Amino acid sequence: MSSNYSAVGMGHALERSKARRRRSQWIVIGSLVALVALICAGVAIGVTVSKKKSSSSSSSHSSNSDNSSNNSNGPTQTDPNDPSSFVKNDKLRKSFYGMAYTPENSLFPDCGNSLKDVIRDIQLLSQLTTRVRLYGADCNQTAMVLEAIKQTKVDLKVYAGNYVLPSDDEGYQRQRKFLKDAIQTYGSDNIAGITVGNEFMLNYLTGHQATDPNGPVGQQGATILLNYIKDTRSMLQDLGATGIAVGNSDAGSFFSNDVLSAVDYGMSNVHAWFANTTINDAAPWVFKFFDETNVQPAALLPNKPKMYIAETGWPTKSSDAANANNGFADASVPNLQTFLDTFVCKANQDKVPYFYFEFFDEKWKDLRYGGVEGWWGLFNGDRTLKDITIPDCTSP
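Residues numbered from 1 in each chain as written. Predicted model: local features only at pLDDT ≥ 70, side-chain atom pairs only at ≥ 80, totals over all residues. Heavy atoms only, no water.

1. Digging into the overall build of the protein
Argument step 1. For the protein, the helix and strand inventory stands at eleven helices and ten strands.
Argument step 2. Summarising the internal contacts of the protein: among those between residues at least 6 apart in sequence, 77% fall at separations of at least 24.
Argument step 3. Surface accessibility of the protein: about 15200 Å² in total, with carbon and sulfur atoms responsible for 48%. (Helix = DSSP H or I, 4+ residues; strand = E, 2+ residues; numbered from the N terminus. Contact = heavy atoms within 4.5 Å. Areas by Shrake-Rupley, 256 points an atom, 1.4 Å probe, with all protein chains shown as cover.)

Right, dumping it as structure tokens:
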């Protein structure tokens with residue numbers, strides 16, 4: 001098996017340039033449109049917001065409503081007026097280094113997220129981890145998460161994000177303003193980092209029919225991204241928030257050395273599912289791929305950026321039989337349990353920093369993309385825990 005890792009890793013990266021690109025569109029879509037729509041006017045946050053519910057009849061946003069605001073599965077509060085009084089779930093353990101999270105209905109321009117739902121999610125997330133990674137800043141999600149942390153009084157740090165697209169400077173500037181307003185309102189105590197770009201190089205290279213992030217085309221894309229990274233650092237300096245780290249996230253094999261040399265950290269999407277592994281080989285594959293493809297090369301750069309696994313996980317079902325497996329990889333709840341049992345505590349023990357993908361099933365992804373796309377959650381879409389046992393170990 002070990003002799004095949006290099007070949008599998010390359011095949012993994014190329015296959016994910018299609019499959020992962022689809023799954024990343026749930027945020028990319030949120031940055032494509034140039035109309036600002038803010039969220040609920042009645043939420044008690046210091047950043048001025050307004051509400052724009054989607055009137056779209058498309059499957060993605062109607063399913064968000066069906067799957068989020070209309071469900072009430074969440075922690076019970078002993079005081080209904082105090083979100084910090086929530087009752088802990090004895091099935092949950094703070095075993096995960098971090099969790100990938102985007103509040104539902106945060107797809108720009110159809111922002112329909114609510115502070116109430118985010119508070120519920122933060123109450124649950126805080127029982128699993130002390131770190132949350134956001135993908136973008138649209139729909140004022142950064143401020144909303146920070147306000148939820150404030151109200152719930154939980155120990156949670158946020159890696160905020162600006163989802164940058166190669167041809168959407170307006171989207172970058174819009175999210176920059178959301179981030180700036182959030183920092184000015186809430187300070188930087190609960191913000192561990194700002195990740196500029198998610199699969200930017202993957203998208204840029206694919207759009208230009210190229211594959212090498214360090215080749216001529218890759219260098220062109222890196223120049224665009226580096227300008228955004230530099231501007232983000234300048235913003236933080238102006239705000240006196242230089243303690244906030246600045247990073248970048250991309251698919252595992254698509255990091256630019258120029259970009260990594262300019263950031264404090266890199267976040268790598270590493271999914272064994274797309275490498276056609278068996279479930280028993282999945283966790284070892286993730287560890288080996290991440291170490292050889294990301295950790296070791298980053299250590300050779302002058303700034304030695306810290307590398308994180310930005311996403312890793314396992315789907316529990318497919319909406320059609322044709323996509324229920326990928327090579328030797330089978331989607332099922334028992335296999336999710338196996339991945340949790342073989343990955344989480346081992347990663348914690350070896351001090352491998354990661355953000356688990358993902359918190360809950362997203363029905364709109366299933367309706368739009370089918371297959372396994374909507375079924376990667378630890379929780380069902382209604383926030384009921386799947387038939388799994390959370391590993392019992394301490395995260396670093």
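2. Details of the nonpolar core
Argument step 1. Phe96, Phe343 and Leu378 are the most contacted members of the largest nonpolar core, which has 102 residues in total.
Argument step 2. Take this core: its biggest share by element is nine residues, from helix α9 (residues 279-299).
Argument step 3. The residues contacting Phe343, other than those within four sequence positions of it, are Ala283, Val286, Phe287, Ile309, Thr312 and Tyr354.
Argument step 4. Core analysis: the second largest hydrophobic core is formed by five residues, Leu202, Leu205, Ala210 and Phe254 among them. (Core = buried A, V, L, I, M, F, W, Y, C linked by side-chain atoms within 4.5 Å. Buried < 20%, exposed > 50% of the residue type's maximum accessible area, 1.4 Å probe, protein only.)

3. Comments concerning the state of the cysteines
Argument step 1. Counted by the stated rule, this structure contains two disulfides.
Argument step 2. Disulfide pairing places Cys111 opposite Cys139 at an S-S distance of 2.1 Å. Note on the Cys111 and Cys139 pair: the S-S dihedral is about -70 degrees, so by sign convention the disulfide is left-handed. Here the residue Cys111 occupies a position in the loop between β1 (99-100) and α3 (115-125), and Cys139 occupies one in the loop between β2 (131-133) and α4 (141-152), the gap between them amounting to 28 residues.
Argument step 3. Owing to a relative accessible area of 0%, Cys139 belongs among the buried residues under this scheme. (Disulfide = S-S within 2.5 Å.)

4. Looking at the side chain of Thr232
Argument step 1. Position of Thr232 among the secondary structure elements: in helix α7 (residues 216-238).
Argument step 2. The contact partners of Thr232, leaving out residues within four places of it in the chain, are Tyr172, Ile194, Val196 and Val246.

5. Re the environment of Thr242
Argument step 1. Position of Thr242 relative to the elements: it lies in the loop between α7 and β5 (245-251).
Argument step 2. Taking relative accessible area as the criterion, Thr242 reaches 60% and is therefore assigned exposed.
Argument step 3. The spacing of Thr242 and Ser188 is 54 residues in sequence and 9.3 Å in space, taken between C-alpha atoms.
Argument step 4. Every residue in contact with Thr242, bar those within four places of it in the chain, is listed here: Leu236 and Gln237.

6. Thoughts on the pairing of strand β4 (residues 191-198)
Argument step 1. Burial within β4 is extensive, with seven of its eight residues counted as buried.
Argument step 2. Here strand β3 (residues 157-162) pairs with β4 via five bridges, running parallel. If you follow Asn162 over to β4, its bridge partner there is Val196.
Argument step 3. Between β3 and its parallel partner β4, the chain crosses via helix α5 (residues 169-186), and the hand of that crossover is right-handed. (Pairing = 2+ DSSP bridges. Right-handed = clockwise from strand over helix to strand, strands pointing away.)

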